[in-house]
Amino acid sequence: MNKTIKVYPPGTVANLVCGFDVLGLCLHQPTDEMEVTLTNNKQVIIKSADGYALPSDPALNTAGAPLLEIMQQLNNDTGFEVLIKKNIKPGSGVGSSAASAAGAVIAANHLLGNIFSKEEQVSFAMFGEKVASGVKHADNVAPCIYGGITLIRGIFPLDIVSIPAPELWVTLVHPQIEVKTSDARQILRKQVLLKDAIKQWGNIAGLVAGLMKNDYGLISRSLEDVIIEPVRSILIPGFDEVKKKSLVAGALGGGISGSGPSVFMLSKNEATALAVKKEMNDVYNSIGLEHHLYVTRVNEEGMRVEW
Ligand code: HSE
């Protein structure tokens, strides 16, 4: 008999400002909805329950590609049917492709009786990221699968570390423009100056230490990106103003969420996160750009699963 499971893959914020490709956090909101059925017809069928024209060819679909890898490893008649309702808009910078990839893998793992480790699940999900952005990166799929904040020390071989953190609120604004991760990666400089690299790795170490020591001051000082943000922020209308006004409203800091165009800010408490939301709303209203706002917390539990 076919078995079906429902999963709610959450959005994720990759990079956490200074940690390009190595840091990410899991959100409570927004989340996608996926229904995955285990079949014995050795194929992956992708169906969409939303208006996005995502590829239905499993090899080109971020949920389909990891499932094909799982099937290849199983080497039997196992197949999957996937129904996806995306609430995380593709090209938003909130880990939309990762949500589909991680959702498919977590669902498959449950359906198969929890046969894969978390690291193995991340390595399957990275095949979905490769479809989406041309390269394997784990800074969205790892927090989506592990929950909380993750450090990806390396991907070949995978070395993922969960980072404990104090209470953190996330305010996120998604201006309604699309930035493709592949495009946002292509515009990056291939080389960095040593003086910039020194600043950046100081900040990454400072951020991780600040999170682990519950030191909000250190977290705040470390939320600085001298390598990626100066290049990518040009693609995001209102970026500088959002950042300036959010800091005045009391945010610890923040920047581009993943490859953008969403912008996120971290705050110590809900009241500050709501004040930041108001500033973000004002900036995009004054520009006249449609936008979605979220105030949420770091999601330590990770993806919700329902039988
Ligand atoms: N680290 C990736 C990037 C995340 O910034 O290109 C994409 O969501």
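This text follows the structure it describes.
Residues numbered from 1 in each chain as written. Predicted model: local features only at pLDDT ≥ 70, side-chain atom pairs only at ≥ 80, totals over all residues. Heavy atoms only, no water.

**Q** Just checking my understanding: could you explain the environment of histidine 28 for this structure?
**A** Here histidine 28 lies in strand E3 (residues 23–31). Put simply, histidine 28 and isoleucine 287 are 259 residues apart on the chain and 28 Å apart in space, counted from C-alpha to C-alpha. Not counting residues up to four positions away in its chain, the partners in contact with histidine 28 are Thr296, Arg297, Val298, Asn299 and Glu301. (Helix = DSSP H or I, 4+ residues; strand = E, 2+ residues; numbered from the N terminus. Contact = heavy atoms within 4.5 Å.)

**Q** Mind showing me how you'd approach the site of the ligand here?
**A** Around the ligand, the neighbouring residues are Ala14, Asn15, Phe20, Asp21, His137, Asp139, Asn140, Thr181, Arg185, Arg232, Gly258 and Ser259. Aspartate 21 places a side-chain nitrogen or oxygen 2.5 Å from a nitrogen atom of the ligand. In the model, an oxygen atom of the ligand is placed 2.9 Å from a nitrogen or oxygen of the asparagine 140 side chain. Among the detected pockets, the ligand sits in the largest pocket. Among the residues making up the shell around the ligand, the classes are represented as two nonpolar, six polar and four charged. Composition of the shell around the ligand by domain shows at least three residues from each of domain 1 (3–163 + 300–306) and domain 2 (169–297). (Near = heavy atom within 4 Å. Polar contact = N/O pair within 3.5 Å; in protein donor to acceptor, adjacent residues only side chain to side chain. 1 Å grid on protein atoms, 1.4 Å probe; cavity = no way out; pocket = protein on both sides within 12 Å on 5 of 7 lines; lining within 4 Å. Sits in = over half its atoms within 2 Å of the grid points. Nonpolar A, V, L, I, M, F, W, Y, C, P; charged D, E, K, R; others polar. Domains from an automatic or database assignment.)

**Q** I would appreciate a short explanation of the side chain of threonine 12 in the present structure.
**A** Its location among the elements puts threonine 12 in strand E2 (residues 10–14). Polar side-chain contacts of threonine 12 include one of 2.9 Å to the side chain of asparagine 140. Contacts of threonine 12, omitting those with residues within four sequence positions, involve Leu25, Cys26, Leu27, Gly93, Val94, Gly95, Asn140, Pro143, Cys144 and Ser257.

**Q** I keep staring at empty space enclosed by the protein and nothing clicks. Help me out?
**A** Any space left empty among the atoms is revealed by the rolling of a water-sized probe across them. Under the criterion given, the structure shown has one cavity of 30 Å³ or more. In the lining of the largest cavity, the residues fall into four nonpolar, two polar and three charged. (Points joined across faces, edges and corners; volume = space filled by probe spheres on them.)

Don't take any of this as a statement about function, it's just geometry.
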